[in-house]
Amino acid sequence: MSIFQELSNRDRVFEFLAPAASPVDVRHGPILYLEDVSVSFDGFKAINNLNLTIDDGELRCIIGPNGAGKTTMMDIITGKTRPDTGSVWFGSRHNLLTMNEPDIATLGIGRKFQKPTVFEALTVFENLELAMAADKRVLQTLTARLSGEHRDRIDEVLKLIGLSQLRNREAGILSHGQKQWLEIGMLLMQKPRLLLVDEPVAGMTEQEMERTAELLTSLAGEQSVVVVEHDMGFVRSIAKKVTVLHQGSVLAEGTMDQVSNDRKVIEVYLGEGA
Amino acid sequence: ADDPIKVGILHSLSGTMAISESTLKDTMLMLIEQQNEAGGVLGRQLEPVVVDPASNWPLFAEKARELLEKEEVDVIFGNWTSVSRKSVLPVVEELNGLLFYPVQYEGEESSENVFYTGAAPNQQAIPAVDYLMNELGVERWVLAGTDYVYPRTTNKILETYLRDHGVAEEDIMINYTPFGHSNWQSIVADIKKFGSEGQKTAVVSTINGDANVPFYRELGNQGIDAADIPVVAFSVGEQELSGIDTAPLVGHLAAWNYFMSVESDANYEFIDAWTAYTGNEDAVTNDPMEAHFIGFNMWVDAVEKAGTADVDAVKDAIIGVTVPNLTGGYATMMPNHHITKPVLIGEIQDNGQFEVVWETPSTVAGDAWSDFLPGSKDLISDWRKPLECGNYNVATHSCGGAADEAAE
Amino acid sequence: MLKVDKLNQFYGESHTLWDLELDVPKGQCTCVMGRNGVGKTTLMKCIMGEESVKDGTLSYNGGVELTQQKVEDRSRLGIGYVPQGRQIFPLLTVEENLRTGLAARKDSSKQIPERIYELFPVLKEMKNRRGGDLSGGQQQQLAIGRALVIEPKLLILDEPGEGIQPNIVAQIGEVIRKLIAEDGLTVLLVEQKLPFARKYADRFAILDRGRRVAQGEIGELSDELIKQHLTV
Amino acid sequence: MSSSQSWLLRPFNERSTQLFLGILIGAVALVSILHLVFPEDHALHVSAYTVTLLGKYLCYALLAVAVDLVWGYLGILSLGHGAFFALGGYAMGMYLMRQIGDRGVYGDPVLPDFMVFLNWQELPWFWHGFDMAWFAFAMVLLAPGLLALVFGFLAFRSRVTGVYLSIITQALTFALMLAFFRNEMGFGGNNGLTDFKDILGFDLRSDATRLGLFIATGIALAIGYVVCRGIVLSKLGRVSVACRDAEARTRFIGYRVERVQLFVFVVSAMLAGVAGALYVPQVGIINPSEFSPLFSIEVVVWVALGGRATLYGAVIGALLVNYAKTVFTGVMPDAWLFALGGLFVLVTVLLPKGIAGLLRRRKKADDDDQVTGQEVTA
Amino acid sequence: MSILRSLTSLLLFLALTVSSVAHAQTSDSEATALLQALADSSYAQKEQIISDIASSGDERARTWLEAYADGKLSQTKDTGQFVIVLTNRGRDWTVADALSGEELGEMSRRNIDKLRINNALRKEVEGLLSVIDLTVDNADTRLAAARALKGEVDAVLAEQVVSLLTTEGDSDVRAALEEALAIHRVEQGDLAAVAVLSGSLNAQARVALNNAAQGDNPELAAAASKALESIETKLKLNSAAETLYFGLSLGSVLVLAAIGLAITFGVMGVINMAHGELIMLGAYTTWGMQQLLPGQPGLALILSIPAGFLVAALAGIAIERTVIQHLKGRPLETLLATFGVSLILQQLVRTVISPLNRSVVTPDWMSGSLMINEALSLTLNRLYVIGFALVVFAGLMLIMRKTRLGLEVRAVTQNRAMARSMGIKATKVDILTFGLGSGVAGLAGVALSQITNVGPNLGQSYIIDSFMVVVFGGVGNLWGTLVAGLSLGTINQILEPWAGAVLAKIVVLVFIILFIQKRPRGLFPQKGRAAEG
Ligand SMILES: Nc1ncnc2c1ncn2[C@@H]1O[C@H](COP(=O)(O)OP(=O)(O)OP(=O)(O)O)[C@@H](O)[C@H]1O
Ligand SMILES: Nc1ncnc2c1ncn2[C@@H]1O[C@H](COP(=O)(O)OP(=O)(O)OP(=O)(O)O)[C@@H](O)[C@H]1O
Ligand SMILES: [Mg+2]
Ligand SMILES: [Mg+2]
């Protein structure tokens, strides 16, 4: 069975893709909850009273014009940027605003960056190894040993992202698209509860896009996924629910059809041709 | 005919101390050249071995070891800073070498293997203070120095000395600055204030090296005149002055055992030789150069007296050796390995020279252990048999720690 | 306008471009396609001189041999470059980013052409913001704008639509066509997205593992070719 | 890769470490044998002078390894590692001073000479305990370690990076230098600590003690190297590299960058301390100039010259530069700075990856062939 | 006090002769006898002879006394002729006959026997000359002389001062004379005179009031204490102003030293360890210029500004071309190479010029100080340096902001490949910028030559501070360098009086370390997404 067939088999999820046991409490509702979040840079309001909830296991697409604040929103969730006001909760127990980046990552929020950033001096394999869910405290990392199981896991992801042959090359020499894939691979290795994926298919071919779509839909359910993308074909192929951001707050929310017929959305984002 | 006698020269030619030390290397080379022209010593030629310890103290020890162990030199002339001497000292003692140290220093040391041809505190600091007190009627004192052992010790000694002479505590201001200190504004302003309270004030400066130029500049610019608040320096000589615009400094003082301006035939000869050697009409001479001149001649005499360059023989032979100094008198090597020196006080002239304004009536013998420090007032040093002790305690009649060890 | 002939390029020991040949006719838009890592970006860098070539020729505008030209002079010859990954100057303001392009302009004008701001109004709005602070898509617009400042005769675009919102992508396509039509601009485009390529390009060339494996009018781009060279 | 082993054993499976340890142990053994077996006037005799000199180089080499660990792998260009080296040295120096006992010139059983003649009445509190070897040796690790811990904790917590970090490490060592210069501090001021007599009861002037110290330094270097190599080869080593190249990104996959930095920094500081401690009895003096910022910069220069991020490159660099210094200062005392400066310039310009780069270039080429080979066949 | 005696007698004499314009000229033999007495007598006797000379009425007396105070009045050993030394550098000195003033050409210095003088005598002579000055036409000279009288007035002199006051027309001189008189009167217990001294910043006045305040006369003591109080507050203000000035001047030295580095390191990213040596080259250029133009230190200094810039800039460009250009993209390695360069440059200076410091002369218009009041004067050399630093800073700011170079160099450092693709001539930009940064270092050297040593170690003493300032201010921000330099300087000077020089420096360093914790990117950080990576 090829890995793709396996992946498209929705009712079975790979062990290695299953989220690590995390103490996130989702019994009382959404996994991610943003309320009245605002942030401004030198007086420019990048996020403006943003409210957003993501349910556990949901796959959500977020679209919106350039500069709408999508990446900034992810920055806030992952602890990179502190909002001026508002609250951000992960499950009902964790207030993300009180935590720093590694804590948030350890809790189970993984992120793929818009501009692919990988560890250029390390090999592709090592990039994945580091991302792998594990005890990431210092001494544990020092004494960590790579078991056969771990290896298999990395190998599988390598195959999935098509970089098996380049596994021992330094990540710095990868082409732009290859780095994109490596980032996705690192995200998978992390086994997060919530995946934040910023423009996953930029620079990919049609077919790769399909592959990515399959991958992301297969993850949803067990894991929650938030995708930001400008490629409408791709969004259409995966989206159940779409949120449109504009000038830092939600402009529209609904199914892809609802949204793409919204006048305002067409005006500020899709354009008449789409 | 025989193998040459090797003379090690251990002066920094690079790094911060090169400013002071590199001329001493040249002085030694000149002296050796002259000696060789005169037939060498015991009919043997002298061969200089120059190394560069690069103003790096551990490197001084390493280079001393190199000279003694690898080059097997018979004598070393070298060092300037105290710390470099301290670093070299154990090596010279261990390998039983000979070291001639040409710079004024804080005393409190006497080694069997080291000959101190520079001034001890009683050959420089104390007479200078006497002069200020008696001739100029100074009543308030600023002791300004660079923060290291020489100024610290000298100032400790002077403090005791002044207090003994009835100077009140609030009439002494002590100030230390780091090496190479260049921003003297507020210190000079403080001195100015301290000096403007009615009594005659003087500054005793043990400020070292590069810090002096900005110090004197600041004095000049803030209008502190030698007639109002004279500064007497122990580390500023002709060589240091050659790097300073001396016009604003005229009248400030320095205490040394030699000045280039001293009028004596020996000095004229030395200066002529030096200018000829360096090929520089304006080359200056200074006190440590004279110390090397004396030390070198003493060593030559001792070797000739002993009939060998062997360290132990020379060590014994040199005590009591008397050679002419450059100021028209004689210097004798004392049993404590220090020499006798006249003390001169000079005023700075606008041409970078000193004018002698006062001198001790006779020469003063260097005192290894100061009488003005509680820890050392009972100590004496005598390297002659049978005492052979660098720190003999006349109160307890015992030789200190170093003797135990020598016995081992 | 540009003719690439027998181009070979190495990264250290690894041979990346193999005897590559490519024709970019004047006044048309040629689209280079290929899977990830086949060497598209490398080819563009070779043309711009950012990577050195082992052998082969790049003759530009009827005879100028680009490989003989200094990197700085290539833009002065009228080649505008929008690199992959934007490569804007992050600590310069938007306006300063644009002004860097003035160096290579023939008329040594000191003004940024108003047209750029008309095309990308967001750049005017954010004139005084640092380039690095812009959102991804804004940066991409800035990169394109910056290339247009030098008023190029040949415009090289390496995946220009990446990260830009759909209506502006379409607008960029229109602009390209307009410039081709009005100013006789030549465009060399790297693009993965078929609809965009089909809509705005005149010709295509497909790279695979460092070799050119197909080329022709855009209409000739068959599903079979796509299957063979563009799918994994 | 031997990734299933304990991190400390891993380096032993590595070719380069085996080679390094082989050469190091071989050289130390050879020098010892030549020193002991041949009589002094024999051509093959290695003099005590040379032994001590080599011992000093090895101390520098260990210091360079410590610097390379933080600079090469963690990306922290420390311009203040001399501070840790000097602190280790002072800890050892204080022990050695206390060992002098009443054999000092003033014969005071407790107070070191410099305190006597500056009129100190009693031993300052921080000098207590240094008469005991175990305490002093613990301080050799603890003093630099603790300083690194506090300093690193503050700096890394505030995410100080790059040149900012470099400059505050420099400020740190500069401040310490000025502080130690102060005679009031009770560390002997500019003269520092000297005139040591013996260590653990062995006479420091005897050749046997010298040889012993040299061998101890060799062993310390070997252990230090293995520890560093172990860290580098472990996952933590790769995390360090990740921090070096993309600090922020490392956080997003869940590593507490500041702790990684702190751990490696403290380890490195302790190694530097050990190097300093072994250095002091061999050169016979410790004074504040070891704290001087220019010394720390020089150490960085050794590492760069040898080849950054290789560890053995650091050793090569330290040995080479210091050997060159010894030779040049003797052979061409007036012009040696030209030679040394020229060496720095030429190596940088001609050998981008330092001297280690020369050695590695061949190996790398082999690896590359393999990879491209794979690609073609795949 | 001996000086009073002679002052008094001289004043008496002057009072008699002030109207008779034509001074009698003593015969040469009388003069020779006087000079011979001066030469032969002991220091104690010389005092009397000086005042004899002063009151001899010989119009050459002033010349002799001046020459004597300067240490220029000498006697030749062979002929016993009295001469005045004109130049006293080197082995042979040029002299002129003391009696006829006729130039005698060069003479070996060993043949010249100086008439000995010491500080006490020098002060005496100066006192005499200044009393003569009290009656000259030039008001400024009179003012200086009157100021010198403060604290020197005694009963006899007081009367003379009173009579001088009747004829004195200049108000400043009058004020000074009155104060001098008041000091004397307070000493005598005159209550009314306290009022004159109240508010005076003169040190002697303070001493007099202090004594009065501690005296037995309760009324006088109370008045004196009150006067002192008002003086104290004034003094505090002045000393605060002084500290601020010291701080600014130290700060401007730091700024000057660092500002070139703010370009080469801050903007270009080259860790230029040879920066200090470029400063040193600037300082040596100044020295060289003064050697070329002996006797015109001021002109030489001004010419050194362009020359120092050029020399350092060319040296910088040479470094850039031979070394740094090969290290593109390896910024850390520039540290290694430039460290080597700095060693070479240092030793080069040692070998080619000298390991010793060189003496750079301060031109007259830069030495001394600008007197704001008697408690506050600003040293001129530092005042000029502050101004110079600001001018250099402004110039640099203009270049970086208003010319294309500023833009291009930033583009090149941020993304060299892309900048070249945009048609920016990166090599040219490198050369120009590095040359500019180095040239500015040279300018710093010119300024520093007026403050500190000109020697081979000059550079080393500034390199650490320079990096500290640039980084503290925020890399890449020129304003940051300015503010950082000035504030570090000021902090240091505020701390120094109570902490001492060493501790103050340590505290400043610790302050920097702690400050960076609060602002990990310096005073003026590069903000935003790009900077945070
Ligand atoms: N540090 C900052 N300083 C100033 N402005 C900023 C900063 N960070 C973000 N912005 C502005 O905030 C807005 C939101 O940016 P963000 O990157 O979140 O947009 P986005 O929705 O991800 O856009 P895109 O689709 O182009 O990636 C943009 O206008 C950007 O210029
Ligand atoms: N600096 C480098 N050193 C070695 N190999 C490199 C380097 N840069 C790129 N490569 C390799 O060269 C090949 C071509 O890369 P290039 O960036 O040209 O691909 P591309 O066609 O533009 O891909 P993408 O569609 O992902 O942008 C890739 O396999 C890449 O791994
Ligand atoms: Mg975005
Ligand atoms: Mg590409």
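- Under the annotation held in an unreviewed UniProt entry, chain E carries the name Amino acid/amide ABC transporter membrane protein 1, HAAT family and is attributed to Marinobacter zhejiangensis.
- For the record of chain E, the UniProt heading Sequence similarities (unreviewed entry) holds the text "Belongs to the binding-protein-dependent transport system permease family. LivHM subfamily."
- Taken directly from UniProt, the Subcellular location (unreviewed entry) text for chain E runs: "Cell inner membrane".

**Re the site of ligand 1**
No. 1: Not every one of the 24 residues close to ligand 1 is listed here, only the nearest: A:Lys70, A:Thr71, A:Thr72, C:Ser135 and C:Gly137.
No. 2: Those residues lying near ligand 1 are distributed over chains A, C and E.
No. 3: With respect to ligand 1, the side chain of A:Asn66 contributes an N or O atom lying 2.8 Å from an oxygen atom.
No. 4: One of the backbone nitrogen or oxygen atoms of A:Gly69 is found 2.9 Å away from an oxygen atom of ligand 1.
No. 5: Burial of ligand 1 by the protein chains amounts to 97% of its free accessible area of 640 Å².
No. 6: Looking at the shell around ligand 1, the elements with two or more residues in it are strand S2 (44–54) and helix H2 (70–77) of chain A, helix H6 (136–149) of chain C together with helix H21 (528–532) of chain E.
No. 7: Residues belonging to the shell around ligand 1 are distributed by class as follows: 7 nonpolar, 12 polar and 5 charged.

**Examining the packing of helix H7 (residues 207–233) of chain D against helix H8 (residues 235–245) of chain D**
All names here are of chain D.
No. 1: The interhelical angle for the contact between H7 and H8, taken along N-to-C directions, is 75°, at an axis separation of 4 Å. In terms of orientation, H7 and H8 fall into the roughly perpendicular class. Here H7 contributes Ile 231, Val 232 and Leu 233 to the contact with H8, which in turn contributes Lys 235, Leu 236, Gly 237 and Arg 238.
No. 2: Residue composition of the contact of H7 with H8, by class: 4 nonpolar, 1 polar and 2 charged.

**A closer look at the site of ligand 2**
No. 1: The local shell around ligand 2 holds 19 residues, among which A:Ser175, A:Gly177, C:Lys40, C:Thr41 and C:Thr42 are the closest.
No. 2: With respect to ligand 2, the chains having nearby residues are chains A and C.
No. 3: C:Asn36 places a polar side-chain atom, nitrogen or oxygen, 3.1 Å from an oxygen atom of ligand 2.
No. 4: Measuring from an oxygen atom of ligand 2, one finds a side-chain N or O atom of C:Thr42 at 2.4 Å.
No. 5: About the coverage of ligand 2: the protein hides 85% of its 640 Å² of free accessible area.
No. 6: Grouping the constituent residues of the shell around ligand 2 by class yields 4 nonpolar, 12 polar and 3 charged.

**Thoughts on the nonpolar core**
No. 1: Counting residues in hydrophobic clusters, the biggest one holds 398 residues, and the most contacted among them are A:Leu182, B:Trp299 and C:Leu188.
No. 2: The greatest single-element share of this core, amounting to 16 residues, is contributed by helix H10 (residues 257–283) of chain D.
No. 3: Ignoring sequence-local partners within four residues, the contact set of B:Trp299 consists of B:Ile5, B:Val7, B:Leu46, B:Val75, B:Phe77, B:Leu98, B:Phe100, B:Val314 and B:Ile318.
No. 4: Formed by 49 residues, the second largest nonpolar core is a distinct cluster that contains C:Cys29, C:Val82, C:Met126 and C:Ile168.

Parameters and conventions
- Each residue is numbered by its place in its chain's sequence as written, counting from 1.
- Ligands are numbered from 1 and chains lettered from A, in the order in which they are written.
- A pLDDT threshold of at least 70 governs which residues receive local features in this predicted model, and a stricter bar of 80 or more applies before side-chain atom pairs are shown or counted, although totals over entire chains, interfaces and linings include all residues.
- With hydrogens and water excluded, all non-hydrogen atoms of the structure serve as input to the side-chain values.
- UniProt positions are given in the numbering used here, feature names are shortened, and annotations may be inferred rather than shown by experiment.
- In this text, near means that some heavy atom of the residue lies within 4 Å of the molecule or strand in question.
- Side-chain atoms alone can form a polar contact between residues adjacent in sequence; in general such a contact is a pair of N or O atoms within 3.5 Å, and within protein one must be able to donate a hydrogen while the other accepts it.
- Areas reported here follow the Shrake-Rupley algorithm with a probe of radius 1.4 Å; residue values treat only the protein chains shown as occluding.
- Per the convention used, a helix needs a DSSP run of H or I reaching at least four residues, while a strand needs a run of E reaching at least two, with both numbered from the N terminus.
- Ten residue types, Ala, Val, Leu, Ile, Met, Phe, Trp, Tyr, Cys and Pro, are classed as nonpolar, four, Asp, Glu, Lys and Arg, as charged, and the remainder, Gly among them, as polar.
- Here an angle of 0 to 180 degrees is reported between the N-to-C directions of two axes, which are lines fitted to C-alpha atoms, with helices fitted over the stretch in contact.
- If an angle is under 35 degrees, it is roughly parallel; if it is over 145, roughly antiparallel; if it lies from 65 to 115, roughly perpendicular; otherwise it is oblique.
- Note on contacts: a residue pair is in contact if any heavy atoms of the two residues lie within 4.5 Å.
- By nonpolar core is meant a set of buried Ala, Val, Leu, Ile, Met, Phe, Trp, Tyr and Cys residues that side-chain atoms within 4.5 Å join together.
- Throughout this description, buried means an accessible area under 20% of the type-specific maximum (1.4 Å probe, protein chains only), exposed means over 50%, and partly exposed covers the range between.

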